[in-house]
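Observations on chain architecture
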Amino acid sequence: MKKILVCGAGGFIGGHLVSHFIEKGNTKIICADIKPKNFWFQFNDNLENHCLDLKDYDNALKVTQDVDYIFNFACNMGGMGFIENNKAECMISVLVNTNLLRAAKENNCEKYFFSSSACVYNASKQKNSFISGLKETDAYPADPEDGYGWEKLFSERMCRHFTEDFGLETRIARYHNIYGPLGTFDGGREKAPAALCRKIIQAKKNNSKSIDVWGDGEQTRSFLYIDDCIKGTLDVFNHSEQDIFNIGSEEQVSIIQMIEMIEEIADFKVDKNYQLDKPKGVRGRSSDNSYVTKKIGWKSENTLKEGLTKTYKWIEEQINSGSNIDKFCRSKIDNK
Ligand code: GDD
């Protein structure tokens, strides 16, 4: 059994990956996150859990000792509301990836996974609603999302050179807006699927007719359900060669169309108050999965409606029990 380090294990995707490994019977897992343990979205007492800052090289050296595989999800991130207003903070995450790569080399780790983002793609390809899906080659010439996207693109490049120069096996997935249960739904870092589910749940509860929507609602995205993301992550990781793949959905919708789906799930209609001064990001974004499907056979399986139904239900349970994301995390530990 390989010894696996998951960095960012207290976060959304890291937490789901750790749970997946546990389900598969792998107990040789080390979890690391900068957040105090009572703020981790998922937490398992039986594992080796570390609360530490990987921007410090000594910490990176310590947690990578005797590790075979490293999965790096650790970065300061969030939805558009966070990344547009915290560009420097997002870029500082470059230290995490740099330290982990150096430590992986120093400790002779076997393989390294880096979680990149659709934010690396060239802005000029994302100027219209309902664009053609972005292909992996569309990251160059480089004009990524300011701040967060530049950090991801630079770190991707560093992975590549650690493979070429030092022989460290690296694998990279570019995630396209991953959503699902056990992720943030309030507090400022939430992405559109969770934010809009929350707003509609609250409107229904309070019998208020209107919700705030950022932008004019005509901007488009594709959203990938977490279970598809975990499967794709492992498929990318297990691929035999160093490469970069989209892990996203090809089901591109406008924000208005996504709201209509959530209204159907909620069985509740809302009026939309469009806020044109809020963070909007690119006008259109979607994934082209032809390369990833051809090379490794991965496809997304959950439709947006299916994924939103599960996400809505989970957020509704939290809100009905008087929870917000922080309370939810703390209750898992307090109840033990
Ligand atoms: N977050 C949020 N909250 N977005 C909203 C809301 C709201 O209440 N209402 C409308 N939107 C709109 C945003 O203005 C944006 O145009 C679109 O929904 C999507 O917003 P996000 O889900 O926050 O982010 P994103 O798709 O632009 O970028 C996200 O995905 C990238 C990968 O595809 C971010 O999480 C990035 O960090 C990530 O790399």
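Residues numbered from 1 in each chain as written. Predicted model: local features only at pLDDT ≥ 70, side-chain atom pairs only at ≥ 80, totals over all residues. Heavy atoms only, no water.

So, the sheet that holds strand 1 (residues 4–7)
Cut-off, in case you're wondering: Here, strands pair whenever DSSP counts at least two bridges between them. In this text, helices come from DSSP runs of H or I with a minimum length of four residues, and strands from runs of E with a minimum of two, each type numbered from the N-terminal end. Helix axes are fitted to C-alpha atoms over the stretch in contact, other axes to C-alpha atoms as well, and angles between N-to-C directions run from 0 to 180 degrees. Pairs of residues are marked as contacts when any of their non-hydrogen atoms sit within 4.5 Å.
Strand order in the open sheet formed by 7 strands is 3-2-1-4-5-6-11, with parallel pairing between adjacent strands. In the strand order of this sheet, the two ends are held by strand 3 (48–51) and strand 11 (244–247), each with one partner. For this sheet, the mean inter-axis angle between neighbouring strands, taken without regard to orientation, is 20°. Examined bridge by bridge, strand 5 (residues 111–117) and strand 6 (residues 169–175) share 7 bridges and lie parallel to one another. Bridging from a neighbouring strand, F114 pairs with I172 of strand 6. Lying over the sheet, helix 1 (residues 12–23) contacts strand 1, strand 2 (29–33), strand 4 (69–72) and strand 6, oriented at roughly 155° with respect to strand 1.

Notes on the packing of helix 7 (residues 192–205) against helix 11 (residues 304–320)
Rules: An angle counts as roughly parallel when it lies under 35 degrees, as roughly antiparallel when it exceeds 145, as roughly perpendicular when it falls between 65 and 115, and as oblique in every other case. In this scheme, a crossing is called left-handed if the near helix is turned counterclockwise away from the far one by less than a right angle; it is called right-handed if the turn is clockwise. Three classes are used, and their members are as follows: Ala, Val, Leu, Ile, Met, Phe, Trp, Tyr, Cys and Pro are nonpolar, Asp, Glu, Lys and Arg are charged, and the others, Gly among them, are polar.
Across the interface, helix 7 lies against helix 11 with an axial gap of 9 Å and an inter-helix angle of 55°. Our classification of the angle between helix 7 and helix 11 gives oblique. Every pair of crossing elements has a handedness; the one defined by helix 7 and helix 11 is right-handed. For the pair formed by helix 7 and helix 11, the contact residues are P193, A194, C197, R198, I201, Q202, K204 and K205 on the first element and L308, Y312, I315, E316, I319 and N320 on the second. Residue composition of the contact of helix 7 with helix 11, by class: 8 nonpolar, 2 polar and 4 charged.

Describing the side chain of R285
The condition that has to hold: Pairs of N or O atoms within 3.5 Å make up the polar contacts considered here, provided that, within protein, one atom can donate a hydrogen while the other can accept it, and that residues adjacent in sequence are counted only when both atoms are side-chain atoms.
Turning to its location among the elements, R285 is positioned in the loop between strand 13 (271–275) and helix 10 (290–296). Within polar-contact distance, the side chain of R285 engages the side chain of E145 at 3.5 Å. The contacts of R285, once residues within four sequence positions are left out, are A118, C119, Q126, I131, L134, E145, H176, T220, R221, S222 and Q252.

Here we look at the pattern of salt bridges
Two side chains bearing opposite charge may form a pair once their charged atoms approach each other closely. Just so we agree on the cut-off: Any carboxyl oxygen of Asp or Glu within 4 Å of a side-chain nitrogen of Lys or Arg constitutes a salt bridge here. Burial status follows relative accessibility: with a 1.4 Å probe on protein chains alone, a residue under 20% of its type maximum counts as buried, one over 50% as exposed, and anything between as partly exposed.
Applying the stated criterion across every chain yields a total of 16 salt bridges. Its salt-bridge partner being R174, residue E156 comes within 2.8 Å of it at the nearest N-O pair. Of the two residues, E156 is situated in helix 6 (residues 148–166) and R174 in strand 6; the sequence distance between them amounts to 18 residues. For E156, a relative accessible area of 2% corresponds to the buried category. Look at R174 and you get buried, because its relative accessible area is 2%. Linked by salt bridges that have partners in common, E263, K269 and K272 make up one network.

Focus: the environment of K152
Looking at the secondary structure, you find K152 in helix 6. Linking K152 and N97, residues 55 residues apart in sequence, is a C-alpha distance of 9.5 Å.

Some words on the site of the ligand
Put simply, the rule reads: Proximity is defined per residue: if any heavy atom of the residue lies within 4 Å of a molecule or strand, that residue is considered near it. Throughout, the Shrake-Rupley method with a 1.4 Å probe supplies accessible areas, and for residues the shown protein chains are the sole cover considered. In this document the domain limits rely on a domain assignment from an automatic tool or a database.
What surrounds the ligand is a group of 25 residues, the closest being M80, S117, K199, P279 and K280. A distance of 2.6 Å is found between an oxygen atom of the ligand and a side-chain nitrogen or oxygen belonging to K199. If the ligand stood free it would expose 710 Å²; the protein chains cover 98% of that surface. The dominant element in the shell around the ligand, judged by the number of residues it contributes, is helix 7, at 3 residues. Partitioning the shell around the ligand into residue classes produces 13 nonpolar, 6 polar and 6 charged. Each of domain 1 (2–178 + 224–247) and domain 2 (182–221 + 252–287 + 303–328) contributes no fewer than three residues to the shell around the ligand.

Side note on the pairing of strand 8 (residues 210–214)
A one-sided burial pattern is seen for strand 8, the buried positions being I211 and V213 and the unburied ones S210, D212 and W214. Here 5 bridges tie strand 8 to strand 13, and the two strands are oriented parallel to one another. Paired with S210 across the strands is D271, a residue of strand 13.

Structural notes on the packing of helix 5 (residues 94–106) against helix 6
In contact at an axis separation of 10 Å, helix 5 and helix 6 are set at 10° when each is read in the N-to-C sense. With respect to helix 6, the element helix 5 is oriented roughly parallel. Between helix 5 and helix 6 the crossing geometry is right-handed. Counted together, V94, N97, T98, L101, R102 and K105 of helix 5 and E151, F154, S155, M158, C159, F162 and F166 of helix 6 form the full contact between these two elements. Of the residues belonging to the contact of helix 5 with helix 6, the class tally is 7 nonpolar, 3 polar and 3 charged.

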